[in-house]
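# Examination of the molecular architecture
Single-letter residue listing:
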Amino acid sequence: MATKILHISDLHFEAQPETLYPGVNQHLRVAAELLAAEHPDLIIVSGDLTSHGSRNRKELEMARDWLLRLDAPVLAVPGNHDLGANPLRGQEYPETEAYEFLALRKTNYGSVFSPEPVTMHDLPTVAVIGIALREEDPDGALPRLESTLDSVTKPVILVGHYPLAPTRATGPLATFAFHEFIPHTASRLRRVIASHPVVRLYAAGHVHACTAQPLAPHCLQVTAGGLGPGPSLYRVYTISGAQLHFETRFGTGPLGFWEQLVPEFDYAPEYHLGHHHERNGQQTLY
Ligand SMILES: [Fe+2]
Ligand SMILES: [Fe+2]
């Protein structure tokens, strides 16, 4: 029997009144019906479940309750809006990326989702591992990840928020990646992936675009759009035998994103929705 995993990202739930992305909660309410109808074995969420979660715990509770209603196991990791990435960003963006000088288990994210920086969901064909990362790794996520990867015998899908390989050569994503968020820690994570061939897929978010790039000879990096604010899509991974097939399906929210944030950037469908080979393809697991 094939294993079916859904990958969603960047939901950006907001407490009322919605200020950053008005209408986002309604897009997510409708998208929930599509996701539930897929009857997946697991749903992975690669961060930014909320817009102000590190400041407002209620938004994380909204995201948690929405996920519970999907009636499938969930593995989530925090994004920079759920768990501030570093103190500098927190100072600069206190409403959306507040930095919590606390142990992970005491942060808003840690108390609503998972107090552990590394989480695992073991499926018959693949191990899915999530990592919560902050700059300088105050939570000890990287050593935990390394020891988990050393002991795992199945192929691994690793879930993190920040893409590690460049996603687009031009436009806003040429500069928007991990650099201002986890500059040093991202290269450490990349080294861990490079030295563990068992990691076959790195499932990320953050860039609000559907992208796919090689991250290491053995590992493909994919990102999954922004289900709430846009581009509203989700990925479906079907694992059968030694192959992971991926395809991309549309949600019901906006199909753009960056043209709203960067006025000089015109909306480009493939920039947001990915080229054909980024939307659909396969990755060998063994
Ligand atoms: Fe986001
Ligand atoms: Fe993000």
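In what follows, the structure referred to is the one given above.
This section reports on the structure supplied with the text.

Conventions adopted
Residue positions are given per chain, counting from 1 as you read along its sequence in written order. Each chain is given a letter, starting from A, and each ligand a number, starting from 1, according to the order in which they appear as written. Given that this is a predicted model, residues contribute local features only at a pLDDT of at least 70 and side-chain atom pairs are listed and counted only at 80 or more, while totals for whole chains, interfaces and linings are drawn from all residues. Excluded from the side-chain calculations are hydrogens and water; all other atoms, namely the structure's heavy atoms, are used. Labels follow the DSSP assignment, with helices taken as runs of H or I lasting at least four residues and strands as runs of E lasting at least two, numbered in each case from the N terminus. The classification of residues rests on relative accessible area computed with a 1.4 Å probe and restricted to protein chains. Under 20% of the type maximum is buried, over 50% is exposed, and intermediate values are partly exposed. Nitrogen and oxygen atoms within 3.5 Å of one another constitute a polar contact, given that in protein one can donate a hydrogen and the other can accept it, and given that sequence-neighbouring residues count only through two side-chain atoms. Contacts are assigned to residue pairs that have any heavy atoms within 4.5 Å of one another. Directions from the helix axis toward the C-beta atoms define the arc. Donor selection uses N, O and S atoms within 2.8 Å of the metal (3.2 Å for Na, K and Ca). Since no water is included, sites may look incomplete. Tetrahedral means four donors with every angle between 85 and 135 degrees, whereas square planar (four donors) and octahedral (six donors) require angles over 155 degrees between opposite donors and between 65 and 115 for all others; sites fitting neither are termed irregular. By definition, two strands form a pair when at least two bridges between them are found by DSSP. Throughout, an axis means a line fitted to C-alpha atoms (over the contacting stretch in the case of helices), and angles, computed between N-to-C directions, take values from 0 to 180 degrees. Ring pairs shown here join Phe, Tyr and Trp side chains whose ring centres sit within 6.5 Å, with only the six-membered ring taken for Trp; geometry is labelled stacked below 30 degrees between planes, edge-to-face above 60, and tilted in between. Here, a salt bridge means any Lys or Arg side-chain nitrogen found within 4 Å of an Asp or Glu carboxyl oxygen.

## Thoughts on the side chain of R168
- Following the sequence through the fold, R168 ends up in the loop between β6 (156-159) and α6 (183-194).
- With relative accessibility at 11%, the residue R168 sits in the buried group.
- At a separation of 3.2 Å, a polar atom in the side chain of R168 contacts the main-chain carbonyl oxygen of C210.
- Within polar-contact distance, the side chain of R168 engages the backbone oxygen of Y271 at 3.2 Å.
- Beyond its immediate stretch of four places on either side in the chain, R168 contacts L173, A174, C210, T211, Q213, E270, Y271, G274 and E278.

## Examining helix α5 (residues 141-151)
- When α5 is considered as a whole, its buried residues turn out to be A141, L142, L145, T148 and L149. With its buried residues spanning 125° around the axis, α5 presents them on a single face. Opposite the buried face of α5, by more than 90 degrees, sit the exposed residues D150 and S151.
- Tucked inside the fold, the buried residues of α5 contact β4 (118-122), β5 (127-131), β6, α6 and β7 (199-204).

## Points about the coordination of the iron ion (ligand 2)
- All of the protein donors around the iron ion (ligand 2) are D48 (OD), N80 (OD1), H161 (NE2) and H206 (ND1); their distances to the metal are 2.1 to 2.3 Å.
- Each of the four donor atoms bound to the iron ion (ligand 2) contributes to angles spanning 86 to 158°, and the resulting shape is irregular.
- If you list the donors of the iron ion (ligand 2) from N- to C-terminus, the spacing comes out as D-x31-N-x80-H-x44-H.
- Here the iron ion (ligand 1) and the iron ion (ligand 2) are spaced 3.7 Å from one another, each receiving a donor from D48. Of this pair, D48 sits in the loop between β2 (42-46) and α2 (57-68) while H161 sits in the loop between β6 and α6; the two residues are 113 residues apart in sequence, bridging distant segments of the chain.
- Residue D48 is classed as buried on the basis of its relative accessible area of 2%.

## Considerations on the sheet that holds β5
- Spatial ordering of the open sheet is given by β4-β5-β6-β7-β9-β8, a layout of six strands whose pairing is mixed. Looking at the sheet topology across the chains shown, the edges are occupied by β4 and β8 (210-216). The sheet shows a mean angle of 20° between the axes of neighbouring strands, taken without regard to direction.
- On the sheet, α5 packs against β4, β5, β6 and β7 and is oriented at approximately 170° with respect to β5.
- Across the face of the sheet, α6 comes into contact with β5, β6, β7, β8 and β9 (219-224) while running at roughly 150° to β7.

## What about the packing of aromatic side chains?
- Tallying each qualifying case throughout the model produces nine aromatic pairs.
- A ring pair is formed by F13 and W66, whose centres lie 5.5 Å apart and whose planes are at 65°; its orientation type is edge-to-face. Pair noted here: F13 is in the loop between β1 (3-8) and α1 (24-37) and W66 is in helix α2, with a separation of 53 residues, a long-range link.
- Where Y99 meets F101, the ring centres are 4.9 Å apart and the plane angle is 75°; that geometry is what we call edge-to-face.
- Residue Y99 is classed as buried on the basis of its relative accessible area, which comes to 17%.
- Ring-pair connections join several aromatic residues into one group, and the members of that group are Y21, Y162, F176, F181, F257 and W258.

## Considerations on the pattern of salt bridges
- Taken as a whole and judged by the stated rule, the model has twelve salt bridges.
- One salt bridge connects E116 with R144, and the closest N-O pair in it is separated by 2.5 Å. Note that E116 is positioned in the loop between α4 (108-112) and β4 and R144 in helix α5, a separation of 28 residues in sequence.
- A salt bridge links K154 to D122, with the nearest nitrogen and oxygen atoms 2.9 Å apart. One end of the pair, K154, is in the loop between α5 and β6; the other, D122, is in strand β4, and 32 residues separate them in sequence.

## Looking at the environment of H245
- With respect to the secondary-structure elements, H245 resides in strand β11 (residues 243-250).
- Note on H245: relative accessible area 36%, which makes it partly exposed.
- Spatially, the C-alpha atoms of H245 and G281 are 5.9 Å apart, while their sequence positions differ by 36 residues.
- Those residues in contact with H245 that sit more than four places away from it in its chain are V236, Y237, T238, G281 and Q282.
- In this structure the side chain of H245 is engaged in a polar contact, spanning 3.3 Å, whose partner is the side chain of Q282.

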